[in-house]
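Residue strings, one per chain:
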Number of protein chains: 2
Amino acid sequence: MRDVCAVAVGITKYGKHDLSARELMTAASDQAIETAGIDATEIDGAFFGNAFGMAEKQGHLGPLIMTALGIPETPATVMETACASAGTAFHHAYRDVAGGFSDVVLAGGVERVSMLDTLTATTYFSYGSDYTFEGGNGCSFPGLYATMARGYFDKYGATEEDLANVAVKNHKNAVHNPIAHLQKEIDVDTVLKSMKVADPLKLYDACPFSDGAAAILLTTEEKAKQITDTPIYIEGSARSGSVASLQDRDDLTTIPGTVSAGQQAMKQAGVTVDDIDFWEVHDCFTIAEVVASEDLGLFERGTGAKNATDGQTAIDGKRPINPSGGLKAKGHPVGATGAGQIVEVVEQLWGEAGKRQVDGAEVGLTHNVGATGGTVACHVLRRRN
Amino acid sequence: MRDVCAVAVGITKYGKHDLSARELMTAASDQAIETAGIDATEIDGAFFGNAFGMAEKQGHLGPLIMTALGIPETPATVMETACASAGTAFHHAYRDVAGGFSDVVLAGGVERVSMLDTLTATTYFSYGSDYTFEGGNGCSFPGLYATMARGYFDKYGATEEDLANVAVKNHKNAVHNPIAHLQKEIDVDTVLKSMKVADPLKLYDACPFSDGAAAILLTTEEKAKQITDTPIYIEGSARSGSVASLQDRDDLTTIPGTVSAGQQAMKQAGVTVDDIDFWEVHDCFTIAEVVASEDLGLFERGTGAKNATDGQTAIDGKRPINPSGGLKAKGHPVGATGAGQIVEVVEQLWGEAGKRQVDGAEVGLTHNVGATGGTVACHVLRRRN
């Protein structure tokens, strides 16, 4: 295997856009290409996450974006694993370079859903669940994650206040992220008094519906050193999964695919939890961040919520989680989310994260989840000194 | 790169099914797994083509299929490049094994669209075009391919009768294909008198809307020899593309991505056209087969239609095309089509194609197109003696 490095990134503002998915993805890609200072013709292939192209009446995004970039014959593949689509695309992009098939690849993801009303968007999102048994029976994602929260509360005695603290922390971080969808601080009371979405989850326990796109240029170590003085090495890239329907799981307080993908990625990178400086995890709902923090080994079982409340996951805490603001406040443009996590890690490892900078960050881990864990993609990135 | 072999295949009947995409893909996968005589737990990853999951209200098919196969933690990715989705999935599956990331992978594709009425299906299909400029302005795929046909007629003086002969030949082949959607012979007159779909194309110039799934197990040469005495080697695997919108092309009588992907795949395999015994090409409309036969170098420019009429592309002709019956008569379950082409080639190279067998076939090429060529995937497979 060849070493693979991220050399440039691009990202749009997360939020509501009037631009199409094609335009958003092209904008993020152009930004990465310009940052790298390469010509688009040097790109050997592209890997994009996108989950709801049909909502925009536009599938087959790959060649549209390649045509817009002026390289129509360059192969591009859209990959779909629900909310983990971009983590999946990045994984296959990594392998394409590591395996020696391509020297320079463009990885990223895009989504545009803000033109949908909330009910329609929630319904479309539920197509990512096991629709026959879950979404089609009225159990959309708020209900599924509420079920996990209820299971967690029952087993470990955590509270709604604990979850609220996750939201408060992520909103606080997002204030310093210029591309974040929700750049405003909130307090625990605001969360607790917000509209019930699916008991015990409330509006402020949930991420927003966002439009957005993110792009990363990956290349070989040799080529990377020609492009930048600070290539970021992809040292672990792992995929795993879980039984598709939540109802068929043995335990509601863990996602098996997270445990497996996290361990594989850390093993590939030759690191343990203590070697990692921060985590970008998939907090589509506050409970998801808590469960991930335990599944990824940051905290003992049943203590994730308390550790969040105690400030351990803040930017200056022992285990910083989601300095970007996470899906919760940075936003969740579904097919882009996994790529946006990588962009955040690269910017942090470059020391370019401004007021949300994790001090001295050298190693970061991303965790991107499809549905309730049917798909999980984890990556470990490092700045080598 | 490691040598990669196909060791087992599975395919459902093409046509109308009451089964869901999940069930169809699981059935085809089970068939391949049983044929190989391996345990599903030996599979390291899965790559599926699927284009219209949203039509069935089911995205995120990967973990559903993995769960049904009893291997929920095994990573699975759905890939979408419109009608080339399965060719794309097979390409990435090949690279995953060739690059040393996986030892055994499942590649395939599935589509279920027959529950849609014709207008809705045609509309959904048009989302695979450049919808802003093509489908959204009323130019669905019959119109786009009719435009190519008109351009071809104008440039080379071919006729509707020439195209009809392509349909007649593919229907004749499909009679001997037990999984084909349209197992009936037709004559030129039937084609010419059938309903105009988009002048000069008529109903019998077009492929049907089919449901179906196809699966292939790929593995290393070493493992393949443990599984079968006749591994089929993937000697070329290439992707390319073309400017997305037909209106932006310089020439309506060629698909640049086909020329490029075909040449790359043949170069990788170290073969020329004369070394290839038969072709499975993407004949979504009769004109598409004619254009492909020239783009892939089988015939001189402008002679593809005449050669079809002269019988050169029949099973016993000099350049057999679509012994399976092609998309035209075997059927076109969009996300499965590229995988179904591979299944046909494997069966032909095993000498197991019955009355549609190409005599002494040792090398076959597949050609899978997304939209009007925005994506093209070509593969060269060989039975080594």
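Residues numbered from 1 in each chain as written. Chains lettered and ligands numbered in written order. Predicted model: local features only at pLDDT ≥ 70, side-chain atom pairs only at ≥ 80, totals over all residues. Heavy atoms only, no water.

### Details of the relation of the copies chain A and chain B
For step 1, the next point in the chain: The two copies are related by a screw operation: chain A maps onto chain B through 180° of rotation and 0.0 Å of translation along the axis, at an RMSD of 0.0 Å. Given the turn and translation reported, the copies of this chain are related as if by a two-fold rotation axis.
For step 2, the next point in the chain: Both copies present the same face, since 100% of the interface residues in chain A are matched by interface residues at the equivalent positions in chain B. (Least-squares fit on C-alpha atoms with pLDDT ≥ 70 in both. Contact = heavy atoms within 4.5 Å.)

### Here we look at the layout of surface pockets
Sizing a probe to match a water molecule and rolling it over the atoms shows the empty space that remains.
For step 1, the next point in the chain: Here the largest pocket is characterised by a volume of approximately 740 Å³.
For step 2, the next point in the chain: Looking at the largest pocket, it is lined by 35 residues, and the ones nearest its centre are Thr118, Thr122, Ala206, Cys207 and Phe209 of chain B.
For step 3, the next point in the chain: At the level of secondary structure, the elements contributing two or more residues to the lining of the largest pocket comprise helix H4 (118-126), helix H5 (141-156) and strand E5 (196-198) of chain B.
For step 4, the next point in the chain: Here the lining of the largest pocket takes six residues from H4 of chain B, the largest share from any one element.
For step 5, the next point in the chain: Taken together, the residues of the lining of the largest pocket sort by class into 22 nonpolar, 11 polar and two charged.
For step 6, the next point in the chain: In terms of lining, the second largest pocket is formed by 22 residues, of which the most central are Leu203, Ala206, Cys207, Pro208 and Phe209 of chain A.
For step 7, the next point in the chain: Elements represented by at least two residues in the lining of the second largest pocket include exactly helix H4 (118-126) and helix H5 (141-156) of chain A.
For step 8, the next point in the chain: Class assignment for the residues of the lining of the second largest pocket results in 17 nonpolar, three polar and two charged. (1 Å grid on protein atoms, 1.4 Å probe; cavity = no way out; pocket = protein on both sides within 12 Å on 5 of 7 lines; lining within 4 Å. Points joined across faces, edges and corners; volume = space filled by probe spheres on them. Helix = DSSP H or I, 4+ residues; strand = E, 2+ residues; numbered from the N terminus. Nonpolar A, V, L, I, M, F, W, Y, C, P; charged D, E, K, R; others polar.)

### Comments concerning the interface of chain A and chain B
As a measure of interface size, the accessible area lost when the parts come together is often cited.
For step 1, the next point in the chain: Counting residues at the interface gives 53 residues for chain A and 53 residues for chain B.
For step 2, the next point in the chain: Of the roughly 4,300 Å² buried between chain A and chain B, counting both surfaces, carbon and sulfur atoms make up 57%.
For step 3, the next point in the chain: The largest share of the area that chain A buries against chain B comes from Met54, His60 and Phe101 of chain A, three residues that together contribute 19% of it.
For step 4, the next point in the chain: Here chain A and chain B share four salt bridges between them.
For step 5, the next point in the chain: The salt bridge involving Arg95 of chain B is made with Asp96 of chain A; its shortest N-O contact spans 3.0 Å.
For step 6, the next point in the chain: Residue assignment for the side of chain A that touches chain B shows that the elements contributing at least two residues are helix H2 (61-68), strand E3 (76-80), helix H3 (85-98), strand E8 (232-241) and helix H9 (256-269) of chain A.
For step 7, the next point in the chain: In the side of chain A that touches chain B, the residues fall into 24 nonpolar, 21 polar and eight charged. (Buried area = accessible area lost by both parts, 1.4 Å probe. Salt bridge = Lys/Arg side-chain N within 4 Å of Asp/Glu carboxyl O.)

### Some points on empty space enclosed by the protein
For step 1, the next point in the chain: Per the stated rule, a full pass over the model turns up eight cavities of 30 Å³ or more.
For step 2, the next point in the chain: Considered as a void within the structure, the largest cavity measures approximately 350 Å³ in volume.
For step 3, the next point in the chain: The set of elements that each furnish at least two residues to the lining of the largest cavity consists of E3 of chain A together with strand E3 (76-80) and H4 of chain B.
For step 4, the next point in the chain: Residues that form the lining of the largest cavity fall into these classes: 16 nonpolar, 12 polar and two charged.
For step 5, the next point in the chain: Taken as a whole, the second largest cavity encloses approximately 80 Å³ of empty space.
For step 6, the next point in the chain: Elements that contribute at least two residues to the lining of the second largest cavity include exactly H3 of chain A together with helix H3 (85-98) of chain B.
For step 7, the next point in the chain: For the lining of the second largest cavity, the per-class residue count stands at four nonpolar, two polar and four charged.

### Observations regarding a nonpolar patch on the surface
For step 1, the next point in the chain: Together, Met195, Val197 and Leu203 of chain A give the surface a local cluster of nonpolar side chains, amounting to about 270 Å² of exposed area.
For step 2, the next point in the chain: Locating Val197 of chain A in the fold gives a position in strand E5 (residues 196-198). (Patch = residues over 30% accessible without salt bridge, like charges linked within 9 Å, V, L, I, M, F, W, Y side chains within 5 Å. Areas by Shrake-Rupley, 256 points an atom, 1.4 Å probe, with all protein chains shown as cover.)

### Here we look at the pattern of salt bridges
All names here are of chain A.
For step 1, the next point in the chain: Under the definition given, this model contains 46 salt bridges over all chains.
For step 2, the next point in the chain: Close ionic contact of Arg384 with Glu235 constitutes a salt bridge, the shortest N to O distance being 2.9 Å. Of this pair, Arg384 sits in the segment after strand E11 (375-383) while Glu235 sits in strand E8, placing them 149 residues apart in sequence.
For step 3, the next point in the chain: Taking relative accessible area as the criterion, Glu235 reaches 16% and is therefore assigned buried. (Buried < 20%, exposed > 50% of the residue type's maximum accessible area, 1.4 Å probe, protein only.)

### Brief notes about the side chain of Ser245 of chain B
Residues and elements named next belong to chain B.
For step 1, the next point in the chain: You can see Ser245 is positioned in the loop between strand E8 (232-241) and helix H9 (256-269).
For step 2, the next point in the chain: Relative accessible area serves as the criterion here: at 1%, Ser245 is assigned to the buried category.
For step 3, the next point in the chain: Every residue in contact with Ser245, bar those within four places of it in the chain, is listed here: Asp130, Phe133 and Glu134.

### Digging into the packing of aromatic side chains
For step 1, the next point in the chain: For the structure on display, the rule yields 12 aromatic pairs over all chains.
For step 2, the next point in the chain: Arranged with centres 5.5 Å apart and planes meeting at 40°, the rings of Tyr124 of chain B and Tyr127 of chain B form a pair that is tilted.
For step 3, the next point in the chain: With relative accessibility at 22%, the residue Tyr124 of chain B sits in the partly exposed group.
For step 4, the next point in the chain: The ring centre of Tyr233 of chain A lies 3.7 Å from the NZ or CZ of Arg384 of chain A, which sits over that ring. (Phe/Tyr/Trp six-rings, centres within 6.5 Å; stacked < 30°, edge-to-face > 60°. Lys NZ or Arg CZ within 6 Å of the ring centre and 35° of its normal.)

### Considering the packing of helix H6 (residues 160-174) of chain A against helix H10 (residues 286-295) of chain A
Residues and elements named next belong to chain A.
For step 1, the next point in the chain: H10 packs onto H6 with a crossing angle of 95° between their chain directions and a minimal axis gap of 8 Å. With respect to their mutual orientation, H6 and H10 come out roughly perpendicular. Touching Leu163, Val166, Ala167, Lys169 and Asn170 of H6 are Thr286, Ile287, Glu289 and Val290, all from H10.
For step 2, the next point in the chain: When grouped by side-chain class, the residues that make up the contact of H6 with H10 number five nonpolar, two polar and two charged. (Axes fitted to C-alpha atoms, helices over the stretch in contact; angles between N-to-C directions. Parallel < 35°, antiparallel > 145°, perpendicular 65-115°, else oblique.)

### Overview of the packing of H3 of chain A against helix H13 (residues 337-349) of chain A
Residue and element names in this part refer to chain A.
For step 1, the next point in the chain: The contact between H3 and H13 brings their axes to 5 Å, and the two run at 65°. It follows that H3 is roughly perpendicular to H13 by the angle criterion. Counted together, Ala86, Gly87 and Phe90 of H3 and Thr337, Gly338, Ala339 and Ile342 of H13 form the full contact between these two elements.
For step 2, the next point in the chain: Each residue belonging to the contact of H3 with H13 can be placed in one class, and the counts come to four nonpolar, three polar and no charged.

### Describing the state of the cysteines
For step 1, the next point in the chain: Inspection of the entire model under this criterion finds zero disulfides over all chains.
For step 2, the next point in the chain: The thiol of Cys83 of chain A is not disulfide-bonded; the next cysteine sulfur, from Cys284 of chain A, is found 6.6 Å away.
For step 3, the next point in the chain: You can call Cys83 of chain A buried: its relative accessible area is 11%.
For step 4, the next point in the chain: Of the cysteine sulfurs around Cys284 of chain B, a residue in no disulfide, the closest is that of Cys207 of chain B, at 6.0 Å. (Disulfide = S-S within 2.5 Å.)

### Regarding the nonpolar core
For step 1, the next point in the chain: Within the largest apolar cluster, 120 residues are counted, with the highest numbers of intra-cluster contacts made by Tyr145, Trp279 and Ile287 of chain A together with Tyr145, Trp279 and Ile287 of chain B.
For step 2, the next point in the chain: When sequence neighbours within four positions are dropped, the list of residues in contact with Ile287 of chain A reads Tyr145, Met148, Ala149, Tyr152, Leu163 and Leu201 of chain A.
For step 3, the next point in the chain: In terms of nonpolar packing, the next biggest core, distinct from the first, is built from 72 residues, Ala93 and Val97 of chain A together with Ile342 and Val358 of chain B among them. (Core = buried A, V, L, I, M, F, W, Y, C linked by side-chain atoms within 4.5 Å.)

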